[in-house]
Amino acid sequence: MHEIIGSSPMRLDGPDKVTGRAVYTADIHMEGTLEVALVRSPVAHAMLKGIQAPAIPDGCYLFTAKDLCGNFIPSIFSEQPVLASDHIRYQGEAVAIIAAPTREKADELASEVKLELEILRTVDSIEEAVKDDAPRLFENGNVCSVFHSDKGDVEGALKQSALVLEGSFETPVQIHGFMEPEAAFCCLDEKGRLAIVSATQNAYSDLYTAAVATGRQNEEITSRAATVGGGFGGKDGNTAQVYAAVVTHLTGKPARYVYTREENIRWGMKRHRSLTHARVGFSEDGHILAADCSMLLDTGAYALLGPSVLGLGLEHFTGAYFVPNVRLDGSLLYTNHAPASAMRGFGAPQAALAFESILNRAAKKLGINPLEIRRINAIHKGQEGPMGGVNEHETGLEEALEKFSRSDFYREMSENPEKGCGYGIAVGMMSSGLGKHIPDTCYVTIDRTDSGFTVSTSLVDIGQGSQTVLAQIAAKALGVAVDKIDMRMGRTDGNPDSGSTAASRSTFICGNAIIKAASEILGGAVHAQAAYAFPEASGEARHTYFAFMVQGAKVKVDPVTGKVDVLWMHSTTDTGRVINPTLFNGQVFGGVAMSLGMTLSEQVRYKDGISMENSLANYILPTAMDVPLLTSDFIDKPEPSGPYGAKGMAELPTVAVAPAVTAAVSDAVKGLEINRVPIDRMEILRAGGKA
Amino acid sequence: MRYRLHIPTTLDQALELKRSTGGTYLAAGTVILVNHSHAEDLISLEKIPGLKSIEDSGEAITIGALVTFDEIEKCRCIMDKLPSLHQAACLTAGPQIRHRATIGGNIGCFSPASDAVTALVALDAQVELYDGSYHRMPVEGLRELKDGSIITSVIVPTRFCFSAFEKVGKRNAMSVSVLNMALAGDGKLFRLAAGCTAPHVLFCSRTSALLSTDAVDMEKAKDALVSEIRPIDDRWGTVEYRKAVSRNLLEKLVSEAGL
Ligand SMILES: Cc1cc2nc3c(=O)[nH]c(=O)nc-3n(C[C@H](O)[C@H](O)[C@H](O)COP(=O)(O)OP(=O)(O)OC[C@H]3O[C@@H](n4cnc5c(N)ncnc54)[C@H](O)[C@@H]3O)c2cc1C
């Protein structure tokens, strides 16, 4: 039998997806299904004084906060209501649920509901949120959470630095841009339980949210993921689920709620807009002596996972380097925007734009090659991280830099650059696992069957291909071929809570749980359940281990229009052992394309709390004509704690794209320093004397 | 949205339906169906014969209103004789939309961002309209369709030995123009048109006049252009950006024309 680990068998979900047999949430239909629409606030900030409902015809329903048993969505702070009942904090916030036999009818009724509103002044940006006279979203003000960490003597080290570089950086609100919009279906099963089926990254979280809103016990609800058409963080937590669940609970009828694309763009979760101010001190020979960072994030109207995003972003600020003196400060701010939450990279891309840009400028000023300045500062196993705490795991950054230096890309960049083009390099680092103090355990059950084995877990494959990778791990562990493994994922029924498909954790944590359960099966059991908990980080560090990526970018800039054409993105990754090279490349290429969008064109902008972008015609995702030549390789440095040596890597490819591209643009347009993405073409025109 | 769809088979039937229902003509629908028009009656032009041909008379190429951008893209005589229109077609939307979208619809939606219209205005093209009888009007001055007129074709003169089209979008396909510009010249007289710089595609008469003189003063021409256009700040771009790029594109087109 050929080696399973390190090979790329066909995706297990591939045939169903390409033939259209895969069942997404919106495909589920049951006789008598009610379609759901929400009555959403037309304004961004107001007090709700009353709701005037039209006559609701037979067979149609209207529910408000009064109909809910509990009116909050469980999360870090749990301050977000299911339905606003007094204070409206963003345009589009749900105020009432309408259910009707067709979506058209539900929309029509929703549009006839009149809200009595006392309009309040809008907090339309981070900059406004921090002002003394800003309107307050909550009694305690607009600061949702803060983060602070101090290691060593930052000011002292900055004074002793031969070079101190400083800058203010900005990244936009980005959407996840998944193909399948948010969707949920709910019905009562034969036992009278609420049965939720949805586009979700976490079946259990949907169950808990529905339990709060309906007052049911957890045992009276089941939840499972349908085929999910992408998540990237935007389906990690409640979107449509609770509304369908409430309707079924209150009517006994099946209910379905599928977001329109406009709802997705306007009111789906977001990547946090960021403002980052950074100072970094260097010795003459390029060693990083101190780093000082303060970061402000726009979480919109509610926290959701924002506090964790802020912490992770700051923890990743100094990136892949050993820095003796580090101060990290951050605030997560409430504004009257739709809530931001998790998005692939989880704060790290925002931080990397600041740090990697400064690092590139320092290299230039000190006359050091951009790979070399990274090599001499690269963090090693056994060194201390930015918040203290020793990095105990394999770090392959140096090897990755070395391999990158032998690539065709780097050879062209350093020896034979194409005329009129610019080249840039950046490094990304990304943790894996939910982080300290957050329960992070995965449960796997293996059963021996007549035809092989079933492997079950509540973790969801949201389209990234974990089903296939986990089947490979199970096959290897059980000593059988991949086709003997029947993966059953994404159900609460019969599976303990394994948490979310998030934090680049599935392969690592579930892979380890599979190996554990498989060892019991190999010992003779026909049924085995195993739990694997993410190892805790040492000291003050939040995360245990990291994966690394060296990213190169080649661009061409049009001096007439200021347009940037990205021509080539090449990367070298250290993610321990690569289990499935094809799926690995899928993650790399998809992640790079996703961050190219943020770098060049994607953004949601607000005017009086209303987003200017509301469709895929004006929210500018890259098309196939915009995605450049993508090449990728990796080093093979097994992480001993990983399943067959693997580390998580799904978020990593988003991290270093923006600073690599902006560095390449600076290389093409001499004298231009870019601190803000998406890149403003006016900056390029001005730098080129063409404006 | 629910519509009543009418499928007339002659121009007169279509006119009659327009007058009796107050409905909207439907070509490919890539504008009206996408923009959720509130029209209750749609009058499809699809089955009316004679609106889908491309004919080269030597002096002009006549393009039927229902000719798609995909057909223009692949048409040899347009490629050879009307390179700016060909380029505008190639840069419109993406392959799927080009396969459906019609040149008549591009004119009929009266958008300041209609790429082909910019090329047509610079090429001094005329539309043929039918309102019971046939009329001709320059594309340049057309702001509305009176009395239910149907666009039957566009007549594009081939006298310009030079023509070129430039489009600035936010991405490389499926992109609304932030700005577009076309220049056509017969060796002596030049015509410049710009899109997304006014409520309608603009024929830049003063700039065109300056370009049609013996010794072209480029700075003067650029200044004239910037004073002629009336761009606004919108989600696609700012006034500042549109003015700067207008100057730059003019310079680029003029240098391509060898002026
Ligand atoms: C994703 C996308 C991308 C796009 N990108 C571009 C682009 O890059 N550049 C660009 O210029 N446009 C673009 N468009 C707009 C559109 O595709 C074009 O303007 C197209 O030419 C419209 O043609 P149609 O046949 O679809 O018109 P329709 O939608 O059928 O009609 C448009 C209007 O014209 C009227 N009309 C149509 N035909 C006639 C006629 N013969 N007589 C009288 N009135 C008529 C209709 O009543 C209607 O008011 C894009 C559209 C989409 C959806």
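Here the structure is a predicted model, which is why all the values come from computation and not from measurement.

**Student:** Please explain the overall build of chain A as it appears in this structure.
**Tutor:** A count of helices and strands for chain A gives 17 helices and 25 strands. Its C-alpha atoms give chain A a radius of gyration of 25 Å, within 12% of the compact-globule value 26 Å for 691 residues. For chain A, buried positions account for 64% of its 691 residues. Put simply, 81% of the contacts in chain A that link residues at least 6 apart link residues at least 24 apart. By element, 52% of the accessible surface of chain A is carried by carbon and sulfur atoms, the whole surface being about 24400 Å².

**Student:** Honestly, the domain arrangement of chain B in this entry has me stumped. Any pointers?
**Tutor:** All names here are of chain B. Domain assignment breaks chain B into domain 1 (4-44), domain 2 (54-157) and domain 3 (162-257). Between the C-alpha centres of domain 1 and domain 2 there is a distance of 19 Å. In total, domain 1 and domain 2 occlude about 980 Å² of area from one another, counting both sides; carbon and sulfur atoms represent 71% of this. The tally of links from domain 1 across to domain 2 stands at zero salt bridges. At the boundary of domain 1 with domain 2, the tally comes to three residue pairs in polar contact (both at pLDDT 80 or more). In terms of residue class, the side of domain 1 that touches domain 2 is made up of seven nonpolar, one polar and three charged.

**Student:** How do you make sense of the pattern of salt bridges when you look at a structure like this?
**Tutor:** Here the idea is simple: oppositely charged side chains can pair when their charged atoms come close. Counted by the stated rule, this structure contains 60 salt bridges over all chains. The partner of A:Glu108 in a salt bridge is A:Lys105, with the nearest N and O atoms 3.3 Å apart. Remark: A:Lys105 and A:Glu108 occur in helix 2 (residues 103-112); sequence separation between them is three residues, near one turn of the helix. A:Glu108 gets classed as partly exposed once you look at its relative accessible area, which sits at 39%. On the basis of relative accessible area, A:Lys105 is assigned to the partly exposed category, the value being 26%. Residue B:Arg191 is joined to B:Glu140 by a salt bridge in which the shortest nitrogen-to-oxygen separation is 3.0 Å. Of this pair, B:Arg191 sits in strand 11 (residues 190-195) while B:Glu140 is found in the loop between strand 7 (134-138) and strand 8 (150-157), placing the two residues 51 residues apart along the sequence.

**Student:** Looking at this structure, I do not really get the site of the ligand. What am I missing?
**Tutor:** Residues and elements named next belong to chain B. Around the ligand sit 34 residues, and of these Tyr25, Gly29, Thr30, Thr102 and Asp115 come closest. Between the ligand and Thr30, the relevant distance is 2.5 Å, taken from an oxygen atom to a side-chain nitrogen or oxygen of the residue. At a separation of 2.9 Å, an oxygen atom of the ligand approaches a polar backbone atom of Val31. Relative to its free-state accessible area of 980 Å², the ligand is covered by the protein chains to the extent of 88%. Elements with a minimum of two residues in the shell around the ligand: strand 2 (24-26), helix 6 (103-108) and strand 8. Looking at which element gives the most residues to the shell around the ligand, the answer is helix 6, with four residues. Taken together, the residues that form the shell around the ligand break down as 20 nonpolar, twelve polar and two charged.

**Student:** Got a minute to help me understand the sheet that holds strand 2 of chain B in this structure?
**Tutor:** Adjacent strands of a sheet form backbone hydrogen bonds with each other and so pair up, either parallel or antiparallel. Residues and elements named next belong to chain B. Spatial ordering of the open sheet is given by 1-3-2, a layout of three strands whose pairing is parallel. Pairing within the sheet leaves two strands with one partner each, and these edge strands are strand 1 (4-6) and strand 2. Recorded for the sheet is a direction-independent mean angle of 35 degrees between the axes of neighbouring strands. Docked against the sheet, helix 1 (residues 11-21) engages strand 1, strand 2 and strand 3 (41-44), running at close to 170 degrees with respect to strand 3.

**Student:** Explanation requested: the domain arrangement of chain A in the structure shown.
**Tutor:** Interface size, as often reported, equals the accessible area lost upon joining of the parts. All names here are of chain A. If you check the domain split of chain A, you get domain 1 (29-42 + 46-120 + 176-267), domain 2 (273-435 + 540-687) and domain 3 (441-533). Using only C-alpha atoms to locate each centre, domain 1 and domain 2 end up separated by 36 Å. Contact residues are listed per partner, giving 23 residues for domain 1 and 26 residues for domain 2. For the pairing of domain 1 and domain 2, the buried interface totals around 2100 Å² over both sides, and the portion due to carbon and sulfur atoms is 62%. Area buried by domain 1 at its contact with domain 2 is led by Ile76, Ile265 and Arg266, which between them contribute 28% of it. At the surface where domain 1 touches domain 2, the tally comes to zero salt bridges. At the surface where domain 1 touches domain 2, the tally comes to nine residue pairs in polar contact (both at pLDDT 80 or more). With five residues, the single largest contributor to the side of domain 1 that touches domain 2 is helix 7 (residues 261-267). Residues that form the side of domain 1 that touches domain 2 fall into these classes: eight nonpolar, eight polar and seven charged.

**Student:** Quick question: what am I supposed to make of the pairing of strand 11 of chain B here?
**Tutor:** It is a general feature of regular strands that their side chains alternate between the two faces of the sheet. Residue and element names in this part refer to chain B. Burial analysis of strand 11 places six of its six residues in the buried class, which makes it a mostly covered element. A two-sided burial pattern is seen for strand 11, the buried positions comprising Phe190, Leu192 and Ala194 on one face and Arg191, Ala193 and Gly195 on the other. By the bridge criterion, six bridges tie strand 10 (residues 177-185) to strand 11 in an arrangement that is antiparallel. By the bridge assignment, Met181 is partnered in strand 11 with Ala194. Between strand 10 and strand 11, which pair antiparallel in sequence order, lie four residues; one of them, Gly187, sits at a positive phi of approximately 105 degrees. Note that strand 11 and strand 12 (residues 202-203) share two bridges and pair antiparallel. Bridged to Ala193 within strand 12 is Phe203. Where strand 11 folds back on strand 12, the antiparallel hairpin that results is connected by six residues, among which Cys196 adopts a positive phi of roughly 65 degrees.

**Student:** Mind showing me how you'd approach the environment of A:Leu137 here?
**Tutor:** All names here are of chain A. Mapped onto the elements of the fold, Leu137 is located in the loop between helix 3 (126-129) and strand 7 (143-151). By relative accessible area, which is 0% here, Leu137 ends up buried. Along the backbone, Leu137 and Tyr302 are 165 residues apart, and their C-alpha atoms lie at a distance of 9.3 Å. Ignoring any residue separated from it by four or fewer positions in sequence, one finds Leu137 in contact with His45, His87, Arg89, Val123, Asn142, Ala301, Tyr334, Thr335 and Asn336.

**Student:** Is there a simple way to think about the side chain of A:Thr572 in this case?
**Tutor:** All names here are of chain A. Topologically, Thr572 is positioned in strand 22 (residues 564-574). Of note is the side chain of Thr572, whose polar atom sits 2.7 Å from the side chain of Asp633. Among residues more than four places away in sequence, those in contact with Thr572 are Ala400, Lys403, Phe404, Phe548, Met549, Val550, Asp633, Phe634 and Ile635.

**Student:** Before we go on, may I ask you to explain helix 10 (residues 370-377) of chain A in this structure?
**Tutor:** Every α-helix winds through 3.6 residues per turn, so residues three or four apart in the chain are directed the same way. Residue and element names in this part refer to chain A. Those residues of helix 10 that fall on the buried side of the exposure criterion are Leu371, Ile373, Arg374 and Asn377. For helix 10, the angular spread of the buried residues around the axis is 165 degrees, confining them to a single face. If you check the start of helix 10, you find a side-chain oxygen 2.6 Å away from the backbone N of Leu371, and it comes from Asn369.

**Student:** Looking at this model, I keep getting lost on the nonpolar core. Mind explaining?
**Tutor:** Most often, soluble globular proteins have nonpolar side chains that are buried together. Residue and element names in this part refer to chain A. By size, the foremost hydrophobic cluster in this structure holds 113 residues, and its most contacted members are Val661 and Val665. The biggest single contributor to this core is helix 9 (residues 348-366), with ten residues. Counting the residues that make up this core, at least three belong to each of domain 1 (29-42 + 46-120 + 176-267) and domain 2 (273-435 + 540-687). Each residue touching Val661, except ones within four places of it in the same chain, is listed here: Ala553, Val555, Val566, Met569, Leu596, Thr599 and Ile679. With 37 residues, the next largest nonpolar core counts Leu470, Ala477, Met487 and Cys510 among its residues.

**Student:** When you look at the environment of A:Cys293 in this model, what are you seeing that I'm missing?
**Tutor:** All names here are of chain A. On the secondary structure map, Cys293 appears in strand 14 (residues 288-300). Accessibility expressed as a relative area gives 1% for Cys293, which makes it buried. Ignoring any residue separated from it by four or fewer positions in sequence, one finds Cys293 in contact with Thr276, His277, Ala278, Leu314, Phe317, Arg327, Leu328 and Asp329.

**Student:** How should I be thinking about the interface of chain B and chain A in this particular structure?
**Tutor:** If you look at the interface, chain B gives 19 residues, while chain A gives 25 residues. The contact between chain B and chain A buries some 1900 Å² in all, and 49% of this surface belongs to carbon and sulfur atoms. Contact with chain A buries area across many residues of chain B, yet B:Arg171, B:Asn172 and B:Arg235 alone supply 36% of it, more than any other trio. Counting every contact that joins chain B to chain A gives two salt bridges. Across the salt bridge formed by B:Arg2 and A:Glu104, the nearest N and O atoms sit 2.8 Å from each other. Where chain B touches chain A, the interface holds 15 residue pairs in polar contact (both at pLDDT 80 or more). Looking at the side of chain B that touches chain A element by element, the count peaks at eight residues for helix 10 (residues 239-257) of chain B. Looking at side-chain class alone, the side of chain B that touches chain A contains nine nonpolar, three polar and seven charged residues.

**Student:** What exactly am I supposed to notice about the state of the cysteines here?
**Tutor:** Two cysteines whose sulfur atoms are joined by a covalent bond form what is called a disulfide. Applying the stated criterion across every chain, the model contains zero disulfides over all chains. A:Cys186 forms no disulfide, and the closest cysteine sulfur to it belongs to A:Cys187, at a distance of 6.3 Å. Exposure remark for A:Cys186: the relative accessible area of 0% places this residue in the buried category. In this structure B:Cys75 is not part of a disulfide, and its nearest cysteine sulfur, from B:Cys77, lies 3.5 Å away.

Criteria and thresholds
Residues numbered from 1 in each chain as written. Chains lettered and ligands numbered in written order. Predicted model: local features only at pLDDT ≥ 70, side-chain atom pairs only at ≥ 80, totals over all residues. Heavy atoms only, no water. Helix = DSSP H or I, 4+ residues; strand = E, 2+ residues; numbered from the N terminus. Rg over C-alpha atoms; globule rule 2.2 N^0.38 Å. Buried < 20%, exposed > 50% of the residue type's maximum accessible area, 1.4 Å probe, protein only. Contact = heavy atoms within 4.5 Å. Areas by Shrake-Rupley, 256 points an atom, 1.4 Å probe, with all protein chains shown as cover. Domains from an automatic or database assignment. Buried area = accessible area lost by both parts, 1.4 Å probe. Salt bridge = Lys/Arg side-chain N within 4 Å of Asp/Glu carboxyl O. Polar contact = N/O pair within 3.5 Å; in protein donor to acceptor, adjacent residues only side chain to side chain. Nonpolar A, V, L, I, M, F, W, Y, C, P; charged D, E, K, R; others polar. Near = heavy atom within 4 Å. Pairing = 2+ DSSP bridges. Axes fitted to C-alpha atoms, helices over the stretch in contact; angles between N-to-C directions. Arc of directions from axis to C-beta. Core = buried A, V, L, I, M, F, W, Y, C linked by side-chain atoms within 4.5 Å. Disulfide = S-S within 2.5 Å.

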